[in-house]
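For reference, the chains in residue letters:
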Amino acid sequence: VVLLVIAVVGAGALIYLVYRWILFPITVLRNGVNRMAERDFSVSLPIQRRDEFGELSDGFNLMAKELNSLYLDLGRRVEEKTQQLALRNASLSALYEMAAFLSQPLEIEEMCRGFLDRVMRQFKADGGSIRTLDPRHDNLRLVLSQGLSASHEQHESCIKVGACFCGQATRSGTVSIQDVGRIRAPESFHCLNDGFQSLNVFQIMAQDEVLGSFSLHFKASRKLTASERHLLETLGKHLGVALQNRRLLGETRQLAMEQERNLFAQGLHDSIAQGLNFLNLQLQMLDQSLRNNKVDEAKEILPLLRAGVDESYQDVRELLSNFRSRLGEGELLDAVCETVERFQRQVDVLVELETEGLDEGT
C-alpha cells in the first residue's frame with residue numbers, strides 16, 4: 001500500500017512537473033504564434049526562466065518586435081506611395097486638361113485668362129498675373145491679372161525686367177517668396193499693399209526661349225512642394241508653346257496676306273496692265289487718225305477699243321473671283337487658244353500655235 005501511494009504521488013508530481021516545465025511553455029508559445037498569424041505583431045511572451053524555453057521566448061519576442069516594425073514601416077511606405085500616386089494622377093489630370101484647353105483655337109487674351117483661372121483654382125491662389133517680354137527682352141507687359149488692385153495693375157502694366165520679381169524670374173528661373181514683409185524695402189512692392197504674403201513666379205518658355213512669366217499670389221504663407229513647383233513649371237512650358245503657336249499662326253496669316261497681295265499685283269500686271277497698254281495704244285492711233293481726218297481708220301479702231309474694254313472688264317471680274325478663273329479638266333487648250341486669239345487681235349500679228357502632244361481632252 002505504501003509503495004502504491006508513493007508511486008501514485010510520484011506519477012502525479014512527474015505529470016505536474018512535465019506540464020509546468022514543458023507543456024505550459026509550449027502552450028504559451030503556440031498562443032503567441034496564433035496571435036502573430038492573426039497579424040497581431042505586438043504580442044510579447046513572458047520570460048520566467050533562463051533555460052531553453054526562456055531563450056526561445058526571448059527569440060520569439062525579438063522576432064515579433066522586428067516584424068511589427070517592418071509591418072508599420074511597410075504601412076507607412078504604402079501610404080506614402082499612395083499619396084504620391086494620387087498627386088501624380090492629379091498632376092497628369094491637370095496637364096491633360098490644360099493641354100486640351102490650350103489646343104483650342106482661342107485668342108491670346110482668352111487663352112491666358114483660361115490658363116490663369118485654372119491654375120489659380122487648382123492651387124487656391126488669391127491673385128495671379130501673366131506677363132510677356134517685349135522683342136528686346138527689356139520690359140514686361142502685363143497681359144492680364146486677377147485679384148490685383150487697380151493701382152497695382154496701373155503701376156505694373158509695363159515694368160523693367162530687373163525692377164520686380166516677375167522680371168527676375170525670366171532671367172534666373174522660379175522665384176518663391178514665403179514672406180513678402182521680410183524682404184528688403186517691402187513697401188516698394190505693390191504685393192504687400194494688396195495684402196499678399198506669399199509670391200511665386202514661374203517662367204513661360206517655348207523651346208528654351210523665355211517668353212514671359214506668370215505669378216501666383218497668396219494672402220497666407222504658402223510653401224509649394226517640389227511636385228507642385230514641377231507641375232507649375234511644366235504648365236508654364238505648355239503656355240509658352242501655345243503662345244508661340246499663336247504667334248507663328250499670326251505670322252503665317254501675315255505671310256499668306258502678303259502672298260495674296262503679290263498674286264493680286266501679278267494678276268493686275270499680267271492682265272489689266274497689258275489691256276490698258278493696248279487701249280492706250282489704240283487711243284493714240286485714234287487721236288492721230290482724227291487729226292489727219294482719216295475717218296475710216298478711226299472707225300476701224302473703235303471696235304478694237306470696245307473689245308479691249310470688254311476684255312479688261314472680264315479680267316477684273318476674274319481677279320475679283322479668286323484672281324483667276326481656275327481651269328478644269330480639258331480646259332487648258334481652250335484657254336491657250338483664247339489667249340492667242342486675244343493677242344493676235346490686239347497687236348494685229350499673225351500667230352501660229354503648235355499643240356503637239358495636246359488634244360482637246362487635256
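Summarised in this report is the structure supplied together with it. (Residues numbered from 1 in each chain as written. Predicted model: local features only at pLDDT ≥ 70, side-chain atom pairs only at ≥ 80, totals over all residues. Heavy atoms only, no water.)

What follows concerns a nonpolar patch on the surface. Nonpolar side chains collect at one region of the surface, where Leu14, Tyr16, Leu17, Val18, Tyr19, Trp21, Ile22, Leu23, Phe24 and Ile26 lie side by side and expose about 940 Å² of accessible area between them. Along the chain, the position of tryptophan 21 falls in helix H1 (residues 2-37). (Patch = residues over 30% accessible without salt bridge, like charges linked within 9 Å, V, L, I, M, F, W, Y side chains within 5 Å. Areas by Shrake-Rupley, 256 points an atom, 1.4 Å probe, with all protein chains shown as cover. Salt bridge = Lys/Arg side-chain N within 4 Å of Asp/Glu carboxyl O. Helix = DSSP H or I, 4+ residues; strand = E, 2+ residues; numbered from the N terminus.)

This next bit is on the state of the cysteines. Here, disulfide denotes a covalent bond that connects the sulfur atoms of two cysteines. Taken as a whole and judged by the stated rule, the model has zero disulfides. Unpaired in this structure, cysteine 164 has its nearest cysteine sulfur neighbour in cysteine 166, at a distance of 4.4 Å. Classification of cysteine 164 by relative accessible area gives buried; the value is 5%. Cysteine 166 gets classed as buried once you look at its relative accessible area, which sits at 4%. (Disulfide = S-S within 2.5 Å. Buried < 20%, exposed > 50% of the residue type's maximum accessible area, 1.4 Å probe, protein only.)

A few words now on the layout of surface pockets. Of the pockets and cavities examined, the second largest pocket occupies roughly 250 Å³. Broken down by element, the residue count for the lining of the second largest pocket peaks at six residues, all from H1. Taken together, the residues that form the lining of the second largest pocket break down as nine nonpolar, three polar and three charged. (1 Å grid on protein atoms, 1.4 Å probe; cavity = no way out; pocket = protein on both sides within 12 Å on 5 of 7 lines; lining within 4 Å. Points joined across faces, edges and corners; volume = space filled by probe spheres on them. Nonpolar A, V, L, I, M, F, W, Y, C, P; charged D, E, K, R; others polar.)

All told, the structure shown has two aromatic pairs when counted by the stated rule. Ring centres of phenylalanine 115 and phenylalanine 214 lie 5.4 Å apart, and the angle between their planes is 90°; this geometry places the pair in the edge-to-face category. Here phenylalanine 115 is found in helix H3 (residues 108-123), whereas its partner phenylalanine 214 is found in strand S6 (residues 209-218), with 99 residues between them in sequence. By the burial criterion, phenylalanine 115 is buried, and phenylalanine 214 matches it. Put simply, the rings of Phe115, Phe202 and Phe214 pair up and form one aromatic cluster. Across the ring face of phenylalanine 101, the terminal group of arginine 118 is positioned such that the distance to the ring centre comes to 4.0 Å. (Phe/Tyr/Trp six-rings, centres within 6.5 Å; stacked < 30°, edge-to-face > 60°. Lys NZ or Arg CZ within 6 Å of the ring centre and 35° of its normal.)

Tallied over the entire structure, the rule returns eight salt bridges. With its nearest N and O atoms 2.9 Å apart, the salt bridge here joins aspartate 73 to arginine 77. A residue pair is termed a helical-turn pair when its members lie 3 or 4 positions apart in one helix, as aspartate 73 and arginine 77 do in helix H2 (residues 52-102) at four residues. Across the pair arginine 136 and aspartate 138 runs a salt bridge whose closest N-O atoms are separated by 3.6 Å. Here aspartate 138 falls in the partly exposed class, since its relative accessible area comes to 32%. One connected set of salt bridges, linked through shared partners, spans Asp73, Arg76, Arg77 and Glu80.

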